[in-house]
2 protein chains.
Amino acid sequence: MYAVIMAGGGGTRLWPLSRTARPKPFLSLLGDSTLLQASVARLSPLIGMDDVYVVTDGRYAGLVRAQLPGMPGSNLLCEPVGRNTAAAVALAALAIERPDDEIMVVVPADQRVVDAAAFRAALAAAAERATGGELVTLGIAPTGPETGYGYVLAADDGGSTGAAPGRRVERFVEKPHPARAAELLATGRASWNAGIFVWRRDALLTGLRRFAADIELAVREAVAAGPTGIEAGYPLVRSTSIDYALLEPASVVGQVAVVPADVGWSDLGSWDALLRDTPEAATDECRNGRAVSIRGAHGAQVVEVGADRVLVHAAGGRTIAIVGIRDAIVVDTPDALLVCASDSAQDVKLVVDRLVAEGRRELL
Amino acid sequence: MYAVIMAGGGGTRLWPLSRTARPKPFLSLLGDSTLLQASVARLSPLIGMDDVYVVTDGRYAGLVRAQLPGMPGSNLLCEPVGRNTAAAVALAALAIERPDDEIMVVVPADQRVVDAAAFRAALAAAAERATGGELVTLGIAPTGPETGYGYVLAADDGGSTGAAPGRRVERFVEKPHPARAAELLATGRASWNAGIFVWRRDALLTGLRRFAADIELAVREAVAAGPTGIEAGYPLVRSTSIDYALLEPASVVGQVAVVPADVGWSDLGSWDALLRDTPEAATDECRNGRAVSIRGAHGAQVVEVGADRVLVHAAGGRTIAIVGIRDAIVVDTPDALLVCASDSAQDVKLVVDRLVAEGRRELL
């Protein structure tokens, strides 16, 4: 069993902390570890460091090596340029020499999981199910009719295969409207798609050849041609998600299963998610001046008077005073400052869009 | 006619911009000029630069000279230490050699006046009234039952002295409770005491000798002993306001008059006052990155999405993004950042109190 961690970048809505030069996986958003480090750590002891691979954009190779000094150097796969998750998964499947029928786990590098033991148990259950040849996705227990996530709808009949855990997937539903999200929840068969997949390596490659043959072929030829081949060929691979390219079409023909994972998951997609997810325990301390959620307390660098439900991320070295502010996020960095209402956290993307339009690369 | 500008310091509630090393009078809060510069400029042509004197704490002498290069050097009076306004007024009256019966105008260095012409007209009217020997205060037309100001209540009979403008003062009321403030407004005879006084030099000195003899004597002896005398004697002078020491007791015996001044006055006492007073015209521009009030616009250093009634004072050189925030003040400086709800602006003082308690002098 081995794991492939997808550390491609991203995190626009976490600007100004998340930047092109150091995107979300490489940030310490929730504690001392970076999200990448936490993603690796929570796999152990189910999957040890020698069996962990990281796929990343070449420009982040140095960050990965610095943050995962215990990982063998050859476990780092660099994309010359990001081509979305279908290409990255194909690259991992083709470039990493492991037995054909070995279980391969794919996990994003930028998520939060509260209960690591439950997470590993879910992976183990998914691996058991995947042994039969299905493509398995972890289904996160939904906490509400969120419209920002993809949903996995399990089949009505359960699609049980003997004693194996999980159920067959009836379909995927990408980012539903609110009414549709509520409908999905009401079925009792819906879960969130976290992009965490478990499959046999040969099952994956067979699936890719069937449903995304162009991607499988292009990546295979690039890998066969060695480093210069990847450099030249990889940028030409079709850019699409593994969900669109493989999971959705495979689910139509009944080849996808979902295994439930009630593990305290968050995609940490935007600052309000971080505010929501910052443990109450963090409210009375400054946590080395990084992430502070203020609810009537103050840390070494933060002075608050009458603040409530405010996330202060102090990365600028400055003293920050919060007075009478509620439901807000304050992110201070050396060259940019964000002050954002919790319910407008999605609009941080618009700020980044504007900076792009103004050509202010130094801030991206 | 000559003017004495009181530039002692203060402005705690305008932290983190207002600091011990550069307090409120020396800041550009509303435009390119500092408040001190604006205070001098609005006196002209009624009172020219040669007839303007500044009383300040010795440590601000350099700031005054730099900001008022056209003022004769001898027009700067330095206090070895601040001893409140009674001592400062006595110092000006005794140390500045002007004719005994000349009209002396006293104005604070840290206020805002929108209509400078009306202000000068009010001073001229007050000077006319003061010629008869009364102590005259400008009465600001109240815009509401504010509880943070001192009130001047004019006498019911008008106390007219022939054709001279203004009315006799019945009494001063310092920072009334809300109900009392409403009562005062209902009389139609109440105005705000802005600390702007007009009197004959000899009338002032006679009043001081009668109502604050200890202050007049101590300052006179200190001045008579020259610079070293001031250095040694001034710190021993009783510290109290000219209002308490002179105006209030003098009003009881009918020696104080009030001349109305409807001039667009603000004491700029806290950040919410600045937010309120920042002209609408400033909303579409960054004004050199200093004071920006955002109502759907953005400047070179400020990117906003869905912000409204937000004052951004960008003195830290950083790009500032404001997303979905309303009724707030953001003040960015190189070493300290304030994010404050408009209706909590008075509590900025509590932040400063806490920094004092923590011994964080570098931030004060």
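Located above this text is the structure these notes cover.
Residues numbered from 1 in each chain as written. Chains lettered and ligands numbered in written order. Predicted model: local features only at pLDDT ≥ 70, side-chain atom pairs only at ≥ 80, totals over all residues. Heavy atoms only, no water.

Caption draft 1: Just the overall build of chain A, in detail. The number of helices and strands found in chain A is 11 helices and 17 strands. For chain A, whose C-alpha radius of gyration is 21 Å, the value lies close to the compact-globule estimate of 21 Å for 364 residues. Once the C-alpha set of chain A is aligned to its principal axes, its extents read approximately 60 × 50 × 40 Å. Per-residue burial over chain A gives 57% buried out of 364 residues. Considering only residue pairs separated by 6 or more positions, chain A has 66% of its internal contacts joining residues 24 or more positions apart. Total accessible area on chain A is roughly 14,000 Å²; 50% of this is exposed by carbon and sulfur atoms. (Helix = DSSP H or I, 4+ residues; strand = E, 2+ residues; numbered from the N terminus. Rg over C-alpha atoms; globule rule 2.2 N^0.38 Å. Buried < 20%, exposed > 50% of the residue type's maximum accessible area, 1.4 Å probe, protein only. Contact = heavy atoms within 4.5 Å. Areas by Shrake-Rupley, 256 points an atom, 1.4 Å probe, with all protein chains shown as cover.)

Caption draft 2: A look at the relation of the copies chain A and chain B. With an RMSD of 0.1 Å, chain A superimposes on chain B once it is rotated by 180° and translated 0.0 Å along the axis. On this basis, the relationship between the two copies can be described by a two-fold rotation axis. The position closest to the rotation axis in chain A is occupied by the C-alpha of V339(A), lying 4.0 Å away. Most of the interface of chain A is mirrored in chain B: 100% of its interface residues are interface residues there too. (Least-squares fit on C-alpha atoms with pLDDT ≥ 70 in both.)

Caption draft 3: Seen up close, the interface of chain A and chain B. Counting residues at the interface gives 35 residues for chain A and 36 residues for chain B. The interface formed by chain A and chain B contains 0 salt bridges. Connecting chain A to chain B are 18 residue pairs in polar contact (both at pLDDT 80 or more). Contributions of two or more residues to the side of chain A that touches chain B are made by β13 (302–305), β15 (319–323), β16 (326–332), β17 (336–341) and α11 (348–357) of chain A. Among the elements that make up the side of chain A that touches chain B, the one with the highest residue count is β17(A) (6 residues). (Salt bridge = Lys/Arg side-chain N within 4 Å of Asp/Glu carboxyl O. Polar contact = N/O pair within 3.5 Å; in protein donor to acceptor, adjacent residues only side chain to side chain.)

Caption draft 4: Quick look at the pattern of salt bridges. Taken as a whole and judged by the stated rule, the model has 38 salt bridges over all chains. Residues R189(A) and E170(A) are paired through a salt bridge, measuring 3.4 Å at the closest nitrogen-oxygen approach. One end of the pair, R189(A), is in the loop between α5 (178–187) and β9 (190–200); the other, E170(A), is in strand β8 (residues 167–173), with 19 residues separating them in the sequence. Note that R180(B) is salt-bridged to E183(B), the shortest N-O span being 3.1 Å. Remark: E183(B) and R180(B) occur in helix α5 (residues 178–187); sequence separation between them is 3 residues, near one turn of the helix.

Caption draft 5: Spotlight on the environment of V136(B). Residues and elements named next belong to chain B. In this structure, V136 sits in strand β6 (residues 135–140). Accessibility expressed as a relative area gives 0% for V136, which makes it buried. Spatially, the C-alpha atom of V136 lies 18 Å from that of A87, the residues being 49 residues apart in sequence. Sequence-distant contacts of V136, defined by excluding residues within four places in its chain, comprise A126, R129, A130, I196, F197, V198, A257 and V259.

Caption draft 6: A look at the side chain of R129(B). Residue and element names in this part refer to chain B. Relative to the helices and strands, R129 is located in helix α4 (residues 116–130). Here the side chain of R129 touches P165 through a polar contact of 3.1 Å, landing on its backbone oxygen. Among the polar contacts made by the side chain of R129, one reaches the main-chain carbonyl oxygen of G166 at a distance of 2.8 Å.

Caption draft 7: Spatial organisation of the packing of helix α3 (residues 84–95) of chain A against helix α7 (residues 213–224) of chain A. Residue and element names in this part refer to chain A. Where α3 contacts α7, the two axes come as close as 9 Å, and the packing angle between them is 50°. Overall, the two elements α3 and α7 adopt an arrangement that is oblique. In this structure, α3 meets α7 at a crossing whose hand is right-handed. Here α3 contributes A86, A87, A90, L91, L94 and A95 to the contact with α7, which in turn contributes I215, E216, V219, R220 and V223. The class makeup of the residues in the contact of α3 with α7 is 9 nonpolar, no polar and 2 charged. (Axes fitted to C-alpha atoms, helices over the stretch in contact; angles between N-to-C directions. Parallel < 35°, antiparallel > 145°, perpendicular 65-115°, else oblique. Left-handed = near helix turned anticlockwise from the far one by under 90°. Nonpolar A, V, L, I, M, F, W, Y, C, P; charged D, E, K, R; others polar.)

Caption draft 8: Spatial organisation of α4(B). All names here are of chain B. Here α4 spans 20 Å end to end across 15 residues, near enough to the 21 Å set by a 1.5 Å rise per residue. Residues of α4 that are buried: F119, A122, L123, A125, A126, A127, R129 and A130. Among the structural elements, β4 (103–108), β5 (112–113), β6, β8 (167–173), β9 (190–200) and β10 (256–261) are those in contact with the buried residues of α4. Backbone nitrogen of A117 and a side-chain oxygen of the N-cap are separated by 3.3 Å at the start of α4; the cap is D115. (Expected span 1.5 Å × (residues − 1).)

Caption draft 9: Spatial organisation of the pairing of strand β14 (residues 308–314) of chain A. Residues and elements named next belong to chain A. Counting buried positions along β14 yields 5 of 7 residues, so the element is predominantly enclosed. Pairing of β14 with β16 involves 6 bridges; the strand directions are parallel. In the strand pairing of β16, A314 is matched with D332. (Pairing = 2+ DSSP bridges.)

Caption draft 10: Region of the structure containing the packing of α7(A) against helix α8 (residues 226–233) of chain A. All names here are of chain A. At a minimum axis separation of 6 Å, α7 and α8 run at an interaxial angle of 145°. For the pair α7 and α8, contact is made by A222, V223 and A224 and by G226, G229, I230 and G233, respectively. Split into classes, the residues belonging to the contact of α7 with α8 amount to 4 nonpolar, 3 polar and no charged.

Caption draft 11: Broad picture of the environment of A93(B). Residue and element names in this part refer to chain B. With respect to the helices, strands and loops of the structure, A93 is situated in helix α3 (residues 84–95). Between the C-alpha atoms of A93 and L63, which are 30 residues apart in sequence, the distance is 23 Å. With near-sequence residues (within four places) excluded, A93 lies in contact with M104, R201, L204 and L205.

Caption draft 12: Quick peek at the packing of aromatic side chains. Considering all chains together, one arrives at 12 aromatic pairs over all chains under this definition. Ring centres of F197(A) and W199(A) lie 5.3 Å apart, and the angle between their planes is 10°; on these two criteria the pair is classed as stacked. Grouping residues by exposure puts F197(A) and W199(A) together as buried. Geometry around F119(B) places R42(B) over its ring, the cationic atom sitting 5.9 Å from the centre. (Phe/Tyr/Trp six-rings, centres within 6.5 Å; stacked < 30°, edge-to-face > 60°. Lys NZ or Arg CZ within 6 Å of the ring centre and 35° of its normal.)

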